[in-house]
Amino acid sequence: MRVLLAATLLLAWNASAPAEEPQGEAALLSGIRQVTLAGARAGEGYFSADGRQMVFQSEREPGNPFYQMYVMDLATGATRRVSPGLGKTTCGWLHPDGRRVLFASTQGDPEAAAKQKAELGSRAAGDKRRYAWDYDAEYELVQYDLAAGTWKHLTNAPGYDAEGAYSPDGTRIVFASNRDAYVRELSPDEKARFEKDKSHFMDLYVMNADGSDVRRLTSAPGYDGGPFFSADGEKIAWRRFAEDGSKAEIFTMNADGTGERQLTRQGVISWAPFFHPSGDYLIFASNKLGHGNFELFLVDAEGRGEPVRVTDKEGFDGLPAFAPDGHRLAWTSGRTADGKPQIFQADWNDAEARRLLGIAKPWTRRPAAPLVLPPVADRDLGRHVERLSSDAFGGRLAGTAGEALATAYVAQVFESLGLEPAGDDGTWFQPFTFTAGVSLGPGNRLEVMGAPAVPAPETDKTWRPLAFAATGTTGPAPVTFAGHGIDAPADGAQAAFDSYSGLDVAGKWVLVFRDLPQDLEPARKLHLARYAELPYKAATARRKGALGLIVAPAPGIPYKDPLVRLAYDPSGGLSSLAGIAIDAATASGLLAAADAAPHDLARRLDKGEPLPGFDLPGVMLAATTDVLREARSGRNVLARLHAGGRADAPAVVLGAHVDHLGRGETSGSLARDDEKGQVHPGADDNASGVAALLAAARDLTLQARMGRLPAKRDILFAAWSGEELGVLGSSHFLGRIAKEAEPPSRIAAYLNMDMVGRLRDRLNLFGTGSSPAWRGLIERIAPPLGLDVTLKDDSYLPSDATPFYIKGIPVLHAYTGIHGEYHSPRDTADLVNHEGLAAVSRLMARLVRELALAADPPAYVLQDRPKGEGGRKRSNVYLGTIPDYAREGGKGVLVSGVTKGGPAEAAGLAAGDVIVRLAGADLETIYDYVNVLNLLKAGKPEEMVVLRAGARIALTVTPAARE
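Residues numbered from 1 in each chain as written. Predicted model: local features only at pLDDT ≥ 70, side-chain atom pairs only at ≥ 80, totals over all residues. Heavy atoms only, no water.

Turning next to the environment of Asp 280. Here Asp 280 shows up in the loop between strand E18 (270-275) and strand E19 (281-286). There is a polar contact of 3.0 Å between the side chain of Asp 280 and the side chain of Lys 361. (Helix = DSSP H or I, 4+ residues; strand = E, 2+ residues; numbered from the N terminus. Polar contact = N/O pair within 3.5 Å; in protein donor to acceptor, adjacent residues only side chain to side chain.)

So, about the nonpolar core. Of all hydrophobic cores here, the largest spans 69 residues; its most connected members are Val 101, Ile 283, Leu 298 and Trp 348. Once residues within four sequence positions are removed from consideration, Val 101 is found in contact with Val 55, Val 71, Val 82, Trp 93, Leu 94, Val 142, Gln 143, Tyr 144, Leu 146 and Tyr 166. Grouped together as the second largest cluster of nonpolar side chains are 68 residues, Ala 692, Leu 693, Leu 847 and Ala 852 included. (Core = buried A, V, L, I, M, F, W, Y, C linked by side-chain atoms within 4.5 Å. Buried < 20%, exposed > 50% of the residue type's maximum accessible area, 1.4 Å probe, protein only. Contact = heavy atoms within 4.5 Å.)

Another point: the side chain of Arg 758. With respect to the helices and strands, the residue Arg 758 is situated in the loop between strand E39 (747-753) and strand E40 (763-766). Looking at Arg 758, its side chain comes within polar contact range of the side chain of Glu 821, at 3.0 Å. Setting aside its immediate chain neighbours within four residues, Arg 758 contacts Asp 684, Thr 816, His 819, Glu 821, Asp 827 and Leu 831.

With 20 residues, helix H16 (residues 834-853) ought to run about 28 Å at 1.5 Å a step, and its terminal C-alpha atoms sit 28 Å apart, in line with that. Two or three places before Glu 835, at the opening of H16, Asn 833 has a side-chain oxygen 3.2 Å from that residue's backbone nitrogen. (Expected span 1.5 Å × (residues − 1).)

Moving on, we come to the pairing of strand E16 (residues 248-254). Consecutive side chains of a regular strand alternate in pointing toward one face of the sheet and then the other. Among the seven residues of E16, six are classified as buried, and the element is accordingly described as predominantly covered. When E16 meets strand E17 (residues 261-262), the two strands line up antiparallel, connected through two bridges. By the bridge assignment, Thr 252 is partnered in E17 with Arg 261. Connecting E16 to the next strand, E17, in antiparallel fashion are six residues, including Gly 257 with a positive phi near 95°. (Pairing = 2+ DSSP bridges.)

Moving on, we come to the sheet that holds strand E11 (residues 172-177). With antiparallel pairing, four strands are arranged side by side in an open sheet as E10-E11-E12-E13. Two strands lie at the open edges of the sheet, namely strand E10 (161-166) and strand E13 (215-216), each paired on one side alone. Across six bridges, the pairing between E11 and strand E12 (residues 203-208) is antiparallel. Of the residues in E12, the one forming a bridge with Phe 175 is Tyr 205.

Turning our attention to the pairing of strand E35 (residues 614-625). Sheet analysis places strand E27 (residues 445-449) next to E35, joined by five bridges and oriented antiparallel. Its bridge partner being in E35, Met 449 is matched across the sheet by Met 620.

Next up on the list: the packing of aromatic side chains. For the coordinates displayed, the defined rule picks out 38 aromatic pairs. Considering the side-chain rings of Tyr 135 and Tyr 223, the 5.8 Å spacing of their centres and the 80° angle between planes classify their relative orientation as edge-to-face. Placement of the pair is Tyr 135 in the loop between helix H1 (112-124) and strand E8 (140-145) and Tyr 223 in the loop between E13 and strand E14 (224-229), with a sequence separation of 88 residues. Side by side, Tyr 135 and Tyr 223 carry an identical accessibility label, which is buried. Taking the centre distance of 5.2 Å and the plane angle of 50° together, the rings of Tyr 805 and Tyr 860 count as tilted. In this pair, Tyr 805 is assigned in helix H15 (residues 801-805) and Tyr 860 in the loop between H16 and strand E43 (877-878), connecting sequence segments 55 residues apart. For Tyr 805, a relative accessible area of 0% gives the class buried. A network of ring pairs unites the aromatic residues Tyr 135, Tyr 139, Tyr 160, Tyr 223 and Phe 241 as a single cluster. Its guanidinium or amino end placed over the ring of Phe 251, Arg 240 lies 4.8 Å from that ring's centre, counting from NZ or CZ. (Phe/Tyr/Trp six-rings, centres within 6.5 Å; stacked < 30°, edge-to-face > 60°. Lys NZ or Arg CZ within 6 Å of the ring centre and 35° of its normal.)

Tallying each qualifying case throughout the model produces 50 salt bridges. Here Arg 240 makes a salt bridge to Glu 260, at a shortest N to O gap of 3.2 Å. Pair noted here: Arg 240 is in strand E15 (residues 235-241) and Glu 260 is in the loop between E16 and E17, with a separation of 20 residues, a long-range link. The class for Arg 240 is buried, based on a relative accessible area of 12%. Owing to a relative accessible area of 40%, Glu 260 belongs among the partly exposed residues under this scheme. One salt bridge in this structure joins Lys 508 and Asp 615, with 3.3 Å as the shortest N-O distance. (Salt bridge = Lys/Arg side-chain N within 4 Å of Asp/Glu carboxyl O.)

The next thing to look at is the environment of Phe 103. For Phe 103, the location among the structural elements is in strand E7 (residues 100-105). By relative accessible area, which is 0% here, Phe 103 ends up buried. Separated by 12 residues in sequence, Phe 103 and Cys 91 have C-alpha atoms that sit 5.3 Å apart. Residue contacts for Phe 103: discarding those within four places in its chain leaves Met 69, Val 82, Ser 83, Thr 89, Thr 90, Cys 91, Gly 92, Glu 140, Leu 141, Val 142, Tyr 144 and Trp 151.

If you want it as structure tokens, here you go:
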């Protein structure tokens, strides 16, 4: 505990310790001056990170006999109360950003006012009592917002929570608490001890600055309290009382609770330790010279040698704290005219302290106005990665509680940096809704007539509906077998393949095998694979006039689940065609009606032999499908750094996606069989990118506060959600902007970081073809950072950069490469290269800085054509459209953009159009569109119908051949 005055600690003492000759405080302290004057007493004065303010506690409020918390401007002496004036407070600490104050308070105690009144009455009656600290169980850690003037409780646990201090980077709080004694069953001896001495059960804890993720650091018997971080955040210093309370010694440990080291063995009460900013030694208070004579002492950080005395005045000197520059000291002292303790300050002689301690290593004086926030360190990045990829966040699947926790964590860090919220309605968040998943409803029914060999249908056992297909009742209708259900046009040396040749499937159910023929040459197999996806097969069947699609497992393929998994693909859309999956027994029973066997059919089909389809005579099938589609809400996290430029200047955006795959319940998981259902941590994908984003935000914020960022435009920091489901969050963000203005008028450039945690030989930077500015900037900035980079012009990428690029915004995408742990539970934090991640973060921060400083935004270059139709199945012809795969709801294909000079642009197609018909075929989903593209011929004009502002417009488009 840091708040106590001398008598607070007089539980017992060793008065027999031999006195030692004072060293003389004049050798170490000069220019001693009293800082606080008002009130009955004051104590515990701690400097702000820039050394210009001090937080302290004082008894000076009329009607309140207890400490309240104050912040003083050390240049002017202006003082501001930051506690509410009700209850007790103790142990203040200023956040490194200078905008928040941490302290312990009983302001939430419903009996606070009554306790104040009782204490005042006792004092008025002349009740003489020895001063003793009250371990009031109502003490909670509270955060005060200096700008808003509001309080926020960070703890709400039974017991005494106090003695808190922020870490140097402002992300953690270390504090003392006896909460454990309030929640666990105590033994009879412990209960007796607790009634007598609640401090005996005090231990140290650490938590995030928002009060989350509380972790216990100590558990030894006796009172552990008064913790502080070292200036680099690596160590914690505190004092530990013996079990009987007779003495206390100074300890340090690593910030994670490991590596405890006892520094003093004086056998008296030594307490209130505080690191010198160099980390080479500590200062503390001790009654080694007599129980009523607390003095300040120094001790080597390694505990070598005897402590060295600092002060030599009779009375109390304690609660010392160095200024961030290491050359000023504040402490609480009774060297006042009335003997009541107040806060004093003096200049500190570091060189003499080192000589007395025998420390040969000199320390370079820090600037008089030190950095408000320390430079980004590798360990900070590691801490972000570990937190975001922890099991507590459950894999961060968009729309889940884990994603909410992750986005809240990002927002808390943004807030700690002093950034401005840039989400909806003045918040940090920008929510969006999407279809998150599907499940079976109660109304699923399947009836098969005319096929006695078919076993009795059992929903979700022998059959289930397809997630992307229509719901409702379909049939009874006849059934036709159509092989693998593939209709692939010729492509160069590859001949056409048509499972429907000679078949009339209009008004019928079409039974097809999953996948594609297996015993084919690689080139042939690759060609057919483009048309073998189930939604594509459904689009083909619908185009042929089928009423519904029946999907059976292809014989010879060892499916983990013979039924098609009920999973929703948010980028694929929904079909109006009915669709069901059946198991092998049901398929065999259906085909038996035509005297056919699945394995015989598969053997012929797998060789690529022509095999005409056929009707199943007498078979009728009716299905009622009931699929529940779950709507969820995800959210982006947005923060703005106002850098002093023009308000209408387009901003630079730096972003990374925060979401991942949860427990693998969506498509994309590459978990092994023994990993199914496990949390997918996503440490590299993409906790690494978010960590780099937060580090870059701190770097740039720091520069702005120091006046070193005379930017011409604002900087926007974005943590996107829904990327793994189809760049949902970034697309939503751009859609919101587009409602107000053209995105390039609002955004100068977008820089993206996705999977940047596994740097090995070199960093890949995609999108360099999107602007002529990139290569010059990268060549100038990357080498000094020791980064070897590979530049790639491609700007159509499977990540959040693409939605920006297709809106006319230059993009740059950082990526360190694929690995064997990708999209699996094995993508863990311990595999992240922290040093490499820090280098990536610094590179992107410096690129953002250069763009923010530039008078003009970088020029945009629209590349000739995308590599494939926006990354989907590649057609034999080229239109130059960029579909919006994140679109939900409505029929047709929304066009996000068109390639300059391409056939679509020549036809008059524009961003925002919805293609509803092409070459005589109605389009419902993206698969319908790709399906029709594969049937087009280069040079042959086709009709395209689009919806534009609610009106149907007919265009003529002439496909071009792909190179």
